[in-house]
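As a plain string of letters, each chain reads:
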Amino acid sequence: MNTSSFSSAPLPGKGVDTAKTFILPDKCFQKRVGCAWGRGNKFTIYPRSQTVSKTPSNTSQDKLLNIRQDILLFTPILRKLVNESNGTFLSLQKAAETAKVSDNQVEFLKLSRQFRSIIRVCIENLQEAASKEENGIEKNNILSHITIFYSIECIWHLCEILYIDNIPGDIVLPYLLEWVRFHFPCHEQTAAQLLEACERGSEEHKDYWDTVVGMVVQGRVDVARALLKLHSAGESNEFKLVDNSLRSMPVYSVYGGISTGEFTISWKHWQAECRSKLSSRVLASQPKLELIMRIIIGDYTAFESIRNKYSSWFDILGGWVMFTAPWSRRHELGGAAAACAGMQASPRSHLDDMVRALLEGDLHQVIHEIQQISDNGWFATHLTDILFHCGKLNIMDKQQTNVTSRLRESLILEYGCLLMEHKSLWSVGLSYLASCPPEGLRRAELILERMPVETEAKAMRIIAEAKKHGLIGVAQSVCRCMSARHLSAGRLGGALFWETLLLDTLPLLESDEAVFTSNDTYEIMLCLELRSSSLDSEKADLLRLALARNLARTALAEGDGTEEQAQ
Amino acid sequence: MPLDVQGTFVSQKINKIRWIAEDYVESKCFFTGSWDDEVNSVKVWSFESPHEEDEVDYPRALSEYPVEGDVTEIKFIDKNKIAVSLSNGDVKVLEVSVYDRQSPLREVFHFKKLHNYGEEPCSCTSLDTLEGDIATIGEDGNVNVLSGRRGEVMHSIKGADSCSLHSICFIKHNEVITGNIRGHMKIWDLKATNNKPAASFLLAGDELAATCIIHHPTQPHIILAGSESGSLAVWDLRMNSFPTSLVNAHSAGVSEMQFHPENPHKLLTCSASGELWDWNMEAMTKSSKGPDNQVTWMPLEDKKAMMVNSLIPALHKPINSLHCDKGRILCGADNEAVYLIKNFKY
């Protein structure tokens, strides 16, 4: 169902076979079937026999199958997401306009956060719906949507850190830690409980050590230290030694007045000290403290040994960067990702692939991956668009031509067309298509012309939108359609005021039998005089002549009629 | 306190929105009518704060009444009864329970195919109510006057217009003014039997629809009409048939107007361009006495006298409806959201 040039001809190396096979459920489809496209992503399948059947009873079993793609975004909860994000998308296009003349990075960041908050609201709505849903299958569906949007928010947040946010000195660690804490909170509650209780001998709690180690790995050094003090042996030398090591860890701050170089030196010095403490075997009696020390000196095997306590490698990514290369810049995280991901051989999830690609800086791969998410392209479209406007996308095809804007456009067009299928969301879809001229407007024209128009109110809306985007053809064809309806209802006045039919009256006026009554003729005359500017003078004169002649003969004919009646 | 705007997405394009007035307390519930969806409905909502300490109120749907076609207008007949016009040509009178807002709306009357092209359905585009009477208009160009109490059609003006009618307003008990798709305005004496308008005039020379008509709350001879072009026209019916003034206002069609119920100097308008404006009409309504002791209507040409505020940043989609209750304004829009504007000074 992909019609855009990008998806149907994938860029090199990224192509996958996305075709799905469905078995038609009925016997009548076993021989030959035909297929006809409807509007949008709909088609009808029908049995087609090429031989003329002599026994008509055969066909009684025949069925027509209407097939349409089930669109997640059209469910009521996600319609909120669609509408709200449309507003942000349009603000972003405006911001991009101003960004052409001045730097607008702050505005982009604001809009990126807005997108994320929209996703979070959507997740909350889904959670609320899940808690109310009693049907098991439905509930599972909603839960799977929650998973989808969780990973979307997670990826968006990381993208924001790596590409949109303005990071002082480009030192990514604090942001990375924040990302880990936010999306993979672990042991947080236990830590809070223990600190609240504030009792010595907290090691009785079964998760005590996991919590302490967890806090270290998440970079919450202060919390870890506070927890260590609650240990019944907290005053012992071993504990003091670890506490001291944690306390004295240099933390880089761009406003701290020292250069990255100086920081690197002092940090390495600190770690060397820790390493010597560890090798002095003073901690031999406290294996857990030893583990903490091994973690903070960035010992791979120590991280490896705790990896199985976490559901994913993202949990330890922040800690790994913190204790191996806290000066890492945004685009130097690929190695850390590889190290953490390699600590445990576990089946790679889709989220893994996306985060890996992102940390490696392969945005092309990221976009390719997020296109596989079953959110009908919402995420891929909006993320690509914002990255494009931030100037962070650079995607080359086989011939090394830059296809970035083509990629963005194809995603937006596809998303826009999808929305235009919906009875109510067409106007949202249109605003996406309109943001990609000229191709988007060409598509909009085709779709708008075929849109069912039940009322004048809708016709007026469509015409207003069409005119706004310069689609005069659409405006005219909708006018014509409304005129035809009025005409068939026998209401000439209504028909003529929809602009285009004025000249079309000419042949009717000249027909052998009078079509318009004298009253109708007056009406058309009035119309003509009010609208004479829309016709060139020659045509207008021709029409005036025809009107006068028609008026003459109808007036006579009607005059006769009334006289006859009077008699 | 500063103006507080709060939007809630409701998964339906909202065509009409109306506060449900309460006795003695601040109103909390409101009606919405949707349009342009597979299934449209009239819903009752209530503002509730999910957490006690929360300052923010979120609307929660209390009941839903599905309808055929689009909801084109909602007007009150009395405190708890509304007349609803639909694009399938029907008009319904619905009642919300006084004691339990949550209980489903009760259908009091149903006027089927009130507007039609014979067998073909035709949209009932709008209606107005006055003391229990309902005047409806449609694309068929007819005007019907219904009794909202007895549920019968009292009077019909067939072929009131050769074009479709788009706006209507009661001037007096026996007089309505209608506006058609080309901006032709006609005044109808409902007692007359000749099906001829008592007066007719043009909204503007641009042939665009009259999208809404209202009259001034304290000076009912002052009529305001909004145009599809976004401009606003004012007539003094005592004077002549030309608009006293025509102001270019919104950049797209005016969708609804309301004088503030407590302060007739305040006018609120919303538009297809997504704008919500508050007008200070004080200068306009201050009539002065001319030399012959005739009250003259202050012309709007003196634009400096017009104070216009934009109440919310323009939406990207049309705002279809607004309703004001004291310092709180409700808006319904095509971006499938409703907005509550609090702390509005009037």
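None of the values given here were measured: they were computed from a predicted structure.

Take the overall build of chain B next. Within chain B one finds one helix and 32 strands. Its C-alpha radius of gyration of 20 Å places chain B within 12% of the 20 Å reference for a compact globule of 346 residues. With the principal axes as the frame, chain B shows a C-alpha extent of 65 × 50 × 35 Å. For chain B, with 346 residues in total, the buried portion stands at 59%. For chain B, long-range pairs separated by at least 24 residues make up 47% of all intrachain contacts whose partners lie at least 6 apart in sequence. Carbon and sulfur atoms make up 50% of the accessible area of chain B, which amounts to about 13900 Å² in all. Within chain B, the 48 negative side-chain charges are centred at a point lying 5 Å from the centre of the 33 positive side-chain charges.

This paragraph deals with the environment of M451 of chain A. For M451 of chain A, the location among the structural elements is in the loop between helix 20 (439–449) and helix 21 (456–468). Other than its neighbours up to four places away in sequence, M451 of chain A contacts R39, W426, K458 and I462 of chain A.

Attention shifts here to the interface of chain B and chain A. Accessible area lost during the coming together of the parts is what is often quoted as the interface size. With 33 residues of chain B in contact, the opposing surface of chain A contributes 37 residues. Buried area between chain B and chain A, summed over both chains or domains, comes out near 3000 Å², and the portion from carbon and sulfur atoms is 51%. At the junction of chain B with chain A, the criterion picks out four salt bridges. Taking the shortest distance from any N to any O, the salt bridge between D334 of chain B and R461 of chain A comes out at 2.8 Å. One can count 20 residue pairs in polar contact (both at pLDDT 80 or more) joining chain B with chain A.

With that out of the way, let us pick up the sheet that holds strand 6 (residues 71–78) of chain B. All names here are of chain B. Read across the sheet, four strands follow the order 6-7-8-9 without closing on themselves; strand pairing throughout is antiparallel. Only two strands of the sheet have a single neighbouring strand rather than two, namely strand 6 and strand 9 (106–111). Strand-to-strand twist of the sheet, defined as the mean angle between neighbouring strand axes without regard to direction, takes the value 20 degrees. Bridge count between strand 8 (residues 91–95) and strand 9: five bridges; the pairing is antiparallel. Its bridge partner lying in strand 9, E95 is registered against R106.

The next thing to look at is empty space enclosed by the protein. Residues and elements named next belong to chain A. Applying the stated criterion to the full structure yields four cavities of 30 Å³ or more. When its volume is computed, the largest cavity comes out at roughly 70 Å³. Lining the largest cavity, in full, are W209, D210, V213, G214, K288, L291, I306, K309 and Y310. Within the residue set of the lining of the largest cavity, elements represented by two or more residues are helix 7 (208–217) and helix 11 (287–296).

The omega torsion of the bond from P437 of chain A to P438 of chain A falls at -5 degrees, within 30 degrees of zero and hence cis. With respect to the helices and strands, P438 of chain A occurs in the loop between helix 19 (426–434) and helix 20. Positive phi outside glycine occurs at C198 of chain A, with the angle close to 50 degrees. Judged by relative accessible area, C198 of chain A falls into the exposed class, the value being 53%. Phi angles above zero are rare outside glycine, and K326 of chain B is one such case at about 50 degrees. With respect to the element layout, K326 of chain B can be found in the loop between strand 30 (319–325) and strand 31 (328–333).

Residue and element names in this part refer to chain A. The first and last C-alpha atoms of helix 17 (residues 378–389) sit 17 Å apart over twelve residues, in line with the 16 Å expected at 1.5 Å per residue. Residues of helix 17 that are buried: W378, F379, A380, T381, H382, L383, T384, D385, I386, L387 and H389. The elements touched by buried residues of helix 17 are helix 2 (76–99), helix 3 (105–132), helix 4 (136–164), helix 16 (363–370), helix 18 (404–420) and helix 19. In the segment just after helix 17, G391 is the residue with positive phi, at about 75 degrees.

All right, on to the nonpolar core then. Across soluble globular proteins, you tend to see nonpolar side chains buried next to one another. One finds L73, F149, W179, L228, I295 and W378 of chain A to be the most contacted residues of the largest nonpolar core, which totals 151 residues. Considering every element that reaches this core, the biggest residue donor is helix 4 of chain A, with 14 residues. When residues of this core are assigned to domains, at least three fall in each of domain 2 (76–170 + 362–405) and domain 3 (178–351) of chain A. Counting 17 residues, the second largest nonpolar core, distinct from the first, contains L315, A337, Y339 and F344 of chain B.

Here D70 of chain A is to be found in the loop between strand 3 (65–68) and helix 2. Between the C-alpha atoms of D70 of chain A and G429 of chain A, which are 359 residues apart in sequence, the distance is 17 Å.

Per the stated rule, a full pass over the model turns up 49 salt bridges over all chains. For the salt bridge of K186 of chain B with D161 of chain B, the shortest nitrogen-to-oxygen distance reads 3.5 Å. Note that K186 of chain B is positioned in strand 18 (residues 184–189) and D161 of chain B in the loop between strand 15 (152–157) and strand 16 (165–172), a separation of 25 residues in sequence. The same class applies to K186 of chain B and to D161 of chain B, which are both buried. A single network of salt bridges, built from pairs that share partners, joins R113, R116, R120, E153, E160 and D165 of chain A.

For the rest of this paragraph, the subject is the sheet that holds strand 15 of chain B. Residue and element names in this part refer to chain B. The strand order 12-13-14-15 describes an open sheet built from four strands, whose pairing is antiparallel. Two strands close off the open sheet at either side, each with one partner strand: strand 12 (124–130) and strand 15. Between one strand axis and the next, the sheet turns by 20 degrees as a mean value, whatever way the strands run. Here strand 13 (residues 133–138) pairs with strand 14 (residues 143–147) via five bridges, running antiparallel. Residue I137 lies in a different strand from strand 14, and its bridge partner there is V143.

The subject of this paragraph is the pairing of strand 20 (residues 210–215) of chain B. Residues and elements named next belong to chain B. With five bridges connecting them, strand 20 and strand 21 (residues 222–227) associate as antiparallel partners. Opposite H215, over in strand 21, you have I223 as the bridge partner. Between strand 20 and the antiparallel strand that follows it, strand 21, lie six residues.

Okay, the packing of helix 17 of chain A against helix 18 of chain A next. All names here are of chain A. Contact pair helix 17 / helix 18: the axes reach a minimum separation of 9 Å and the direction vectors enclose 145 degrees. Like other packed secondary-structure pairs, helix 17 and helix 18 cross with a definite hand, here left-handed. Contacts between helix 17 and helix 18 pair W378, A380, T381, H382, T384, D385, F388 and H389 from the former with T404, S405, L407, R408, L411, I412 and Y415 from the latter. Here the contact of helix 17 with helix 18 is composed, by residue class, of seven nonpolar, six polar and two charged.

Residues and elements named next belong to chain A. Where helix 6 (residues 188–197) meets helix 7, the closest approach of the two axes is 9 Å, and the angle between their N-to-C directions is 110 degrees. Considering the angle they form, helix 6 stands roughly perpendicular to helix 7. Facing E188, T190, A191 and L194 of helix 6, the residues of helix 7 in contact are Y208, T211 and M215.

Another aspect to go through is the state of the cysteines. All chains considered together, the criterion is met by zero disulfides over all chains. Considering cysteine sulfurs only, C270 of chain B is the nearest to C331 of chain B, which forms no disulfide, with 6.0 Å between them.

The α-helix winds at 3.6 residues per turn, so residues separated by three or four positions along the chain end up facing the same way. Residue and element names in this part refer to chain A. Compared with the 18 Å implied by 1.5 Å per residue over 13 residues, the 18 Å span of helix 21 between its first and last C-alpha is a close match. All of the buried residues along helix 21 are E456, K458, A459, M460, R461, I462, I463, E465 and A466. Immediately beyond the C-terminal end of helix 21, within one or two residues, lies G470, with a positive phi of roughly 75 degrees.

Thresholds applied
- Once a new chain begins, its residue numbering starts again from 1 and follows that chain's sequence as written.
- Each chain gets a letter, beginning with A, and each ligand a number, beginning with 1, in the order they are written.
- Per-residue local features are limited, in this predicted model, to residues with pLDDT of at least 70; the limit for side-chain atom pairs, both in listing and counting, is 80 or more; totals at the level of whole chains, interfaces and linings are taken over all residues.
- Think of the side-chain values as coming from all heavy atoms in the structure, minus any hydrogens and water.
- To qualify as a helix, a DSSP run of H or I must reach at least 4 residues; to qualify as a strand, a run of E must reach at least 2; elements of each kind are numbered from the N terminus.
- Within these notes, the globule rule equals 2.2 Å times the number of residues to the 0.38 power, and the radius of gyration is based on C-alpha atoms.
- Here's how the labels work: a residue is buried when its accessible area is under 20% of the maximum for its type, exposed when over 50%, partly exposed in between, all with a 1.4 Å probe on protein chains only.
- Throughout, a residue-residue contact means that at least one pair of heavy atoms, one from each residue, lies within 4.5 Å.
- All accessible areas in this document rest on Shrake-Rupley with a 1.4 Å probe, and a residue is counted as covered only by the protein chains that are shown.
- Neither His nor the chain ends contribute to the count of charged residues, in which Lys and Arg are positive and Asp and Glu negative.
- Here the site of a charge means NZ on Lys, CZ on Arg, CG on Asp, or CD on Glu.
- Buried area counts how much accessible surface, traced with a 1.4 Å probe, disappears from two parts once they are put together, with both parts' losses summed.
- For this document, the term salt bridge refers to a Lys or Arg side-chain nitrogen within 4 Å of an Asp or Glu carboxyl oxygen.
- Pairs of N or O atoms within 3.5 Å make up the polar contacts considered here, provided that, within protein, one atom can donate a hydrogen while the other can accept it, and that residues adjacent in sequence are counted only when both atoms are side-chain atoms.
- For two strands to count as paired, DSSP must find a minimum of two bridges between them.
- Convention adopted: a line fitted to C-alpha atoms gives each axis, helices being fitted over their contacting stretch, and angles between N-to-C directions are expressed from 0 to 180 degrees.
- Cavity and pocket criteria rest on a 1 Å grid covering protein atoms alone: a 1.4 Å probe that fits but cannot get out defines a cavity, protein on both sides within 12 Å along at least 5 of 7 lines defines an open pocket, and an atom within 4 Å of a point defines a lining residue.
- Grid points are joined across faces, edges and corners, and a volume is the space filled by probe spheres set on the points.
- Any helix carries an expected span of 1.5 Å times its number of residues minus one.
- Nonpolar core, defined: a set of buried Ala, Val, Leu, Ile, Met, Phe, Trp, Tyr and Cys residues in which side-chain atoms within 4.5 Å join the residues together.
- Marked domain ranges trace back to an automatic or database domain assignment.
- By convention the crossing between two helices is left-handed if the near helix lies anticlockwise of the far one by an angle smaller than a right angle, and right-handed if it lies clockwise.
- For this classification, the nonpolar set comprises Ala, Val, Leu, Ile, Met, Phe, Trp, Tyr, Cys and Pro, the charged set comprises Asp, Glu, Lys and Arg, and every other residue, Gly included, is treated as polar.
- Orientation categories follow fixed angle ranges, with anything under 35 degrees roughly parallel, anything over 145 roughly antiparallel, 65 to 115 roughly perpendicular, and all other angles oblique.
- What counts as a disulfide here is a pair of cysteine sulfur atoms lying within 2.5 Å.

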